[in-house]
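Spelled out from the first residue to the last, the chains are:
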Amino acid sequence: MVGAGDGGVATEAPSAIDVHELARRFGDLDAVRGVSFEVRAGETFGFLGPNGAGKSTTISMLCTLLAPTSGRALVAGFDVAAQRAEVRKRIGLVFQDTTLDDYLTATENLRFHAELYGVPRAQAAERLRAVLEMVGLWGRRDSLVRTFSGGMKRRLEIARGLLHSPRVLFLDEPTVGLDPQTRAHIWSYINDLRRRESITMFLTTHYMDEAEHCDRIAIIDEGRIVVIDTPEALKASVGRDRVQLQTADPRAAIEALERHFGLEATMSEGAVTVYVASGEQFVPRLFAELDVAISAVSIARPTLDDVFMNYTGRTIRDAEASSSERMAGSMWMRAARRR
């Protein structure tokens with residue numbers, strides 16, 4: 001890792017984000033347990049994991065909203081603990097929950113943000129139009145934000161995060177709570193942003209389809225990173241089809257699959273699930289040789305959910321039950337915003 005000198009001037013960093021053994025504890029809860037990774041300049045990097053996995057706590061530390069318990073992280077070449085002001089100048093952040101002022105117009109929200117970040121007025125006017133046009137809101141620039149839909153507010157927050165030309169844009173669950181069509185539109189704008197702006201993006205998500213947009217993904221579970229790679233490489237690492245079957249006696253089916261086929265079967269999303277090299281060839285044998293009645297069967301190629309299952313032993317939906325870390329992280333973020 002290359003850090004910044006004592007005079008506050010960063011040396012040339014080999015990566016946009018460099019994290020080493022970063023950890024955060026809330027009382028007896030280890031929310032983030034010594035994660036290490038790097039994000040390359042210009043990359044779209046995703047943290048994929050269930051609610052409560054440590055995603056928001058990590059992003060809060062990287063954005064200087066939360067002090068690490070231990071470890072070190074550099075963002076744009078500056079230390080997040082020792083050089084918070086320098087980090088904040090170089091990042092944009094889109095929170096999970098909206099932080100816009102509803103009683104102001106879109107333009108007024110962005111002008112206020114420009115003043116906070118010291119953007120010269122001549123540059124601010126040009127930049128304001130550019131980002132609003134980028135997210136399709138230039139025509140609504142003088143409308144009160146309280147008249148905006150949820151999707152429009154999210155687009156305005158992305159525009160605000162870009163206004164001061166940050167080197168790194170953090171997107172914490174950028175489409176949470178939005179309907180599928182609006183989520184698709186938001187990602188259309190984000191992908192367009194990648195083409196137009198020379199920027200590094202770091203996003204957290206528990207949506208599999210969103211993770212597919214990333215150049216690389218870190219799967220995080222229970223505060224630890226379990227694997228990092230491209231979406232395609234991660235799916236290829238599973239290398240097997242997922243076969244799910246419905247039966248009146250799941251326990252007997254699991255035992256029979258292990259006894260007769262030598263396969264380890266689990267219950268996942270209400271179905272008996274096994275992974276095999278070729279699903280199409282296995283299913284006829286399944287019906288012919290399994291001594292348990294099967295009412296339905298489905299075959300699926302490896303997905304990121306299968307990757308999560310392969311590395312953690314459970315699906316991301318099964319892991320959603322625990323939300324204590326997310327609640328703790330949200331409390332910290334709200335407290336930081338009130339300061």
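Owing to the predicted nature of the structure, the values given are computational and were not obtained by experimental measurement.

Student: What exactly am I supposed to notice about the nonpolar core here?
Tutor: Here is a general trend for soluble globular proteins: nonpolar side chains tend to be buried in one another's company. Counting residues in each nonpolar core, the largest one holds 45 residues, and the members touching the most others are Leu48, Leu156, Leu162, Leu169, Leu171, Ile217 and Leu304. Once residues lying within four places of it in the same chain are set aside, the contact partners of Leu48 are Lys55, Thr205, His206, Tyr207, Met208, Ala211, Ile217, Ala218, Ile219, Ile220, Leu304 and Ile316. Judged by nonpolar contacts, the second largest core, of 33 residues, contains Ile17, Cys63, Phe95 and Phe202.

Student: Is there a simple way to think about helix α1 (residues 55–62) in this case?
Tutor: Three- or four-residue spacings in an α-helix give side chains the same orientation, since the helix completes a turn every 3.6 residues. In terms of residue burial, α1 counts as a mostly covered element, since eight of its eight residues are buried. Taken as a whole, α1 has its buried residues at Lys55, Ser56, Thr57, Thr58, Ile59, Ser60, Met61 and Leu62. Looking at the residues trailing α1, positive phi occurs at Thr64, about 70°.

Student: I keep staring at the packing of aromatic side chains and nothing clicks. Help me out?
Tutor: Any aromatic ring pair is given by two values, namely how distant the centres are and how the planes are angled relative to each other. Applying the stated rule across the entire model yields eight aromatic pairs. Taking the centre distance of 5.5 Å and the plane angle of 10° together, the rings of Phe37 and Phe45 count as stacked. Under the relative-accessibility criterion, Phe37 is labelled buried at 6%. For the cation-ring pair, Arg141 lies above Trp138, with the distance from its terminal atom to the ring centre recorded as 4.0 Å. Across from the ring centre of Tyr207, 3.7 Å away, lies the NZ or CZ of Arg183, which sits over that ring.

Student: Can you help me understand the environment of Ala23 in this one?
Tutor: Checked against the element boundaries, Ala23 lands in strand β1 (residues 17–26). Residues Ala23 and Met61, 38 residues apart in the sequence, show an inter-C-alpha distance of 9.2 Å. Once residues lying within four places of it in the same chain are set aside, the contact partners of Ala23 are Val32, Gly34, Met61, Pro68, Thr69 and Ser70.

Reading guide: rules and limits
Residues numbered from 1 in each chain as written. Predicted model: local features only at pLDDT ≥ 70, side-chain atom pairs only at ≥ 80, totals over all residues. Heavy atoms only, no water. Core = buried A, V, L, I, M, F, W, Y, C linked by side-chain atoms within 4.5 Å. Buried < 20%, exposed > 50% of the residue type's maximum accessible area, 1.4 Å probe, protein only. Contact = heavy atoms within 4.5 Å. Helix = DSSP H or I, 4+ residues; strand = E, 2+ residues; numbered from the N terminus. Phe/Tyr/Trp six-rings, centres within 6.5 Å; stacked < 30°, edge-to-face > 60°. Lys NZ or Arg CZ within 6 Å of the ring centre and 35° of its normal.

By themselves, these are just geometric observations and shouldn't be taken as functional.
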